[in-house]
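# What the coordinates show
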Amino acid sequence: MDAALVTALGVIGSAIVAGTAAMYGSKVAGRAQQEGTALTGYDNLTQRLAAERDKAELDEKTAEARASAAEAKVFALEAEVARLRLLVAQLGGTP
């Protein structure tokens, strides 16, 4: 074999190795991009679920506070009715 043939075979071998490395690198980069996209989507979903959970908890606390306020109003009205009945009775009337 002469030097030109050895050089040509060396170049062809180098091209095959470089092409294989480029294909493998591209494949690895594609996987990394897919994993990054999946992680970003998962993080986004987690944040949305946490926000919905917090909103549901807030809505539940708001409903409880409104129910408590309504009970307090009823109690206050019943106390006022009892006071007025006592006042009517003290003034000689019938409640």
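On a predicted model such as this, the values are computed, not experimentally measured, just so you know.

Moving on: the pattern of salt bridges. All told, the structure shown has three salt bridges when counted by the stated rule. Put simply, D54 and R53 hold a salt bridge, and the shortest N to O gap is 3.2 Å. By relative accessible area, D54 is classed as partly exposed at 39%. Its relative accessible area of 47% is what places R53 among the partly exposed residues. Ionic pairing is found between R83 and E80, a salt bridge with its closest N-O pair at 2.9 Å. You can see R83 and its partner E80 sitting in helix α1 (residues 3–90), three residues apart, about one turn around the helix. Classification of R83 as partly exposed rests on a relative accessible area of 45%. Taking relative accessible area as the criterion, E80 reaches 34% and is therefore assigned partly exposed.

A few words now on a nonpolar patch on the surface. Residues L5, L9, I12 and I16 make up a contiguous nonpolar surface patch of roughly 380 Å² in combined accessible area. With respect to the secondary-structure elements, L9 resides in helix α1. The partly exposed category is assigned to L9, whose relative accessible area is 46%.

Criteria and thresholds
- Residues numbered from 1 in each chain as written.
- Predicted model: local features only at pLDDT ≥ 70, side-chain atom pairs only at ≥ 80, totals over all residues.
- Heavy atoms only, no water.
- Salt bridge = Lys/Arg side-chain N within 4 Å of Asp/Glu carboxyl O.
- Buried < 20%, exposed > 50% of the residue type's maximum accessible area, 1.4 Å probe, protein only.
- Helix = DSSP H or I, 4+ residues; strand = E, 2+ residues; numbered from the N terminus.
- Patch = residues over 30% accessible without salt bridge, like charges linked within 9 Å, V, L, I, M, F, W, Y side chains within 5 Å.
- Areas by Shrake-Rupley, 256 points an atom, 1.4 Å probe, with all protein chains shown as cover.

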